[in-house]
Amino acid sequence: MVGREDRNKIIVFTGPDGSGRKSVAEAVGQTFGMDKIVSFVTRLPRPGEVNGQDYHFITHATYREMERQGEFLESVEIDGHLYGIRSLDIETKLSDHESLYLILNHEGAGILKKIYGDKVIRLFLYADRRTVEERERKLGLAEDVIAKHLSHYDGEMEYRGSCEHAFENYDLGQTTYEITNTLEAYLQRDLVDKD
Ligand SMILES: Nc1nc2c(ncn2[C@@H]2O[C@H](COP(=O)(O)OP(=O)(O)O)[C@@H](O)[C@H]2O)c(=O)[nH]1
Ligand SMILES: Nc1ncnc2c1ncn2[C@@H]1O[C@H](COP(=O)(O)OP(=O)(O)O)[C@@H](O)[C@H]1O
């Protein structure tokens, strides 16, 4: 018996910055009608980033207060900024039997896997170091941000073997196609089998 409650999944897009997680996740999320869980962060928005869409941008004091209230499922410090996922955001989706997706570094991906086990599908995206660097520069990221991201490149790449699936991303259309096919098997879109 496959009920709705068994089919909702937590899809985690992980891999080095600049590997294309956000681009692919948005396309795949739309295909499957999945919402993104937006993280809370203490860093300032970059040009073009929208509060509530890219992140919930909050002050350090607000972050610490939310943390004190036990609101975060996981909380990590990356390059001096605090990042957290609110438990309620995930629990609400799961209790509505909806699938959801997140874009996380390896720490976040590991914590979610530990908590939610088989519900979590980790999709690892990657490209070579020079390519991600070029993409980030083309995107207009500041040189210090690019340097910080690159300093995490090797550490993030090491996580590949722990993930359920890995995809090299050089052709965005092809990667999106491959990931959509992979997720069809888990999400069983339009399939209702109650026997
Ligand atoms: N563990 C964890 N990682 C996160 C969270 N939110 C974002 N990240 C990841 O942490 C890194 C943050 O770096 P940042 O410079 O802000 O990159 P960007 O937001 O991807 O442009 C990225 O790899 C994010 O995907 C979170 O709530 N928890
Ligand atoms: N296959 C690809 N080919 C060329 N550019 C890409 C590809 N995938 C993503 N990009 C571009 O690279 C940049 C970083 O992608 P993004 O999705 O923001 O990565 P991440 O979320 O992993 O940091 C964006 O400007 C995006 O449009």
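Bear in mind that the values here come from a model prediction, so they are computed numbers and not experimental data.

Quick word on the site of ligand 2
And step 1. The environment of ligand 2 is made up of 14 residues, and the closest members are Gly18, Arg21, Lys22, Ser23 and Asn169.
And step 2. Between ligand 2 and Ser19 there is a distance of 3.3 Å, counted from an oxygen atom to a backbone nitrogen or oxygen.
And step 3. Within the backbone of Leu172, an N or O atom sits 3.2 Å from a nitrogen atom of ligand 2.
And step 4. If ligand 2 stood free it would expose 560 Å²; the protein chains cover 74% of that surface.
And step 5. Among the cavities detected, the one that contains ligand 2 is the largest pocket.
And step 6. Sort the elements by how many residues they give to the shell around ligand 2 and helix H2 (residues 21-32) lands first, with three residues.
And step 7. Here the shell around ligand 2 is composed, by residue class, of four nonpolar, five polar and five charged.

Topic: empty space enclosed by the protein
And step 1. The tally for this structure, following the rule as stated, stands at one cavity of 30 Å³ or more.
And step 2. Approximately 30 Å³ is the volume found for the largest cavity.
And step 3. What lines the largest cavity is Pro16, Asp17, Val132, Glu136, His149, Leu150 and Tyr153.
And step 4. Elements with a contribution of two residues or more to the lining of the largest cavity: helix H6 (129-139) and helix H7 (143-151).

Section: the confidence of the model for the protein chain
And step 1. Looking at the protein chain as a whole, the pLDDT averages 94, with 93% of positions reaching at least 70.
And step 2. Segment residues 191-195 is flagged for pLDDT under 50; beyond a separation of four residues in sequence, or across chains, it makes 11 contacts in the model.
And step 3. Reported confidences for the modelled complex are a pTM of 0.95 and an ipTM of 0.96.

The rules behind these values
- Residues numbered from 1 in each chain as written.
- Chains lettered and ligands numbered in written order.
- Predicted model: local features only at pLDDT ≥ 70, side-chain atom pairs only at ≥ 80, totals over all residues.
- Heavy atoms only, no water.
- Near = heavy atom within 4 Å.
- Polar contact = N/O pair within 3.5 Å; in protein donor to acceptor, adjacent residues only side chain to side chain.
- Areas by Shrake-Rupley, 256 points an atom, 1.4 Å probe, with all protein chains shown as cover.
- 1 Å grid on protein atoms, 1.4 Å probe; cavity = no way out; pocket = protein on both sides within 12 Å on 5 of 7 lines; lining within 4 Å.
- Sits in = over half its atoms within 2 Å of the grid points.
- Helix = DSSP H or I, 4+ residues; strand = E, 2+ residues; numbered from the N terminus.
- Nonpolar A, V, L, I, M, F, W, Y, C, P; charged D, E, K, R; others polar.
- Points joined across faces, edges and corners; volume = space filled by probe spheres on them.
- pLDDT = per-residue confidence, 0-100.
- Contact = heavy atoms within 4.5 Å.

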